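The lines below spell out each chain.
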Amino acid sequence: GQVLTSTGAGSPPAFETINTNSGLPCFFATNESTSNWPASATPSRLDFSTTREDSATDFSETAKFLPTTAGYYYVWCQVTMRFLDAAHAMQLYIYKNGSASGAMTYTNGRNSDYHNWVNQTVHGIVQCNGSSDYIEAYLANIPDSGTTTLQIQHRNFGAFRLGAT
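These numbers were taken from a predicted model, which means no experiment stands behind them.

S.K.: Break down the packing of aromatic side chains for me, with residues and values.
M.R.: What the rule picks out here adds up to ten aromatic pairs. Aromatic side chains F65 and Y73 sit 5.6 Å apart centroid to centroid with 75 degrees between the ring planes, which places their arrangement in the edge-to-face category. On the accessibility criterion, F65 (1% relative accessible area) is buried. Exposure remark for Y73: the relative accessible area of 0% places this residue in the buried category. Geometrically, the ring pair formed by Y74 and F160 is tilted, given 5.3 Å between the ring centres and 35 degrees between the ring planes. On the criterion of sequence distance, the pair formed by Y74 in strand β9 (residues 71–82) and F160 in strand β14 (residues 150–161) is long-range, its members being 86 residues apart. When its relative accessible area of 37% is taken as the criterion, F160 is described as partly exposed.

Laid out in structure tokens, this is it:
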């Protein structure tokens, strides 16, 4: 990819190739298939079928980001879902080493007909040691009543290291 950069005051900007091999690892993974997410107050791991970018080959198992460069990482996850037949409380998490990292978003899908689409995104900064730490995304579907599943249409998951090399 390329990025638009400044060439100084009074000069037009220029496009430059992004250098991701200089100690600033990044990844971006997606899943475009539609699936039904079961009702459960216990979060379940999200899987991603397509790796779009993985500069340091640190994304594996369709779900885990295992950065091999220590540092702080900006991590995000986005899910597009459709609330069907009942109101839902959705919780989208960033997990580090199998536990919630503190980054979580909450959406309560209430609508007169309950057939609305929602985009839910979670962002956070996670410190990783570069050897054993790993990051994943988890989702909990908590309907107001019953065992209502939730339709998931798109999922995206990504991270990049912050700071200088």
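S.K.: Give a detailed account of the pattern of salt bridges, specifying residues and quantitative values.
M.R.: Inspection of every chain in the model, using the stated rule, returns three salt bridges. Where R45 meets E136, a salt bridge forms, and the shortest distance between an N and an O atom there is 3.2 Å. Taken together, the positions of R45 in strand β5 (residues 40–45) and E136 in strand β13 (residues 135–143) put the pair 91 residues apart, joining distant regions of the chain. Owing to a relative accessible area of 29%, R45 belongs among the partly exposed residues under this scheme. Residue classification places E136 among the buried residues on the basis of a relative accessible area of 2%. Here K96 makes a salt bridge to D133, at a shortest N to O gap of 3.7 Å. One end of the pair, K96, is in strand β10 (residues 88–96); the other, D133, is in the loop between β12 (117–128) and β13, and 37 residues separate them in sequence. Exposure remark for K96: the relative accessible area of 27% places this residue in the partly exposed category.

Basis of the calculations
- Residues numbered from 1 in each chain as written.
- Predicted model: local features only at pLDDT ≥ 70, side-chain atom pairs only at ≥ 80, totals over all residues.
- Heavy atoms only, no water.
- Phe/Tyr/Trp six-rings, centres within 6.5 Å; stacked < 30°, edge-to-face > 60°.
- Buried < 20%, exposed > 50% of the residue type's maximum accessible area, 1.4 Å probe, protein only.
- Helix = DSSP H or I, 4+ residues; strand = E, 2+ residues; numbered from the N terminus.
- Salt bridge = Lys/Arg side-chain N within 4 Å of Asp/Glu carboxyl O.

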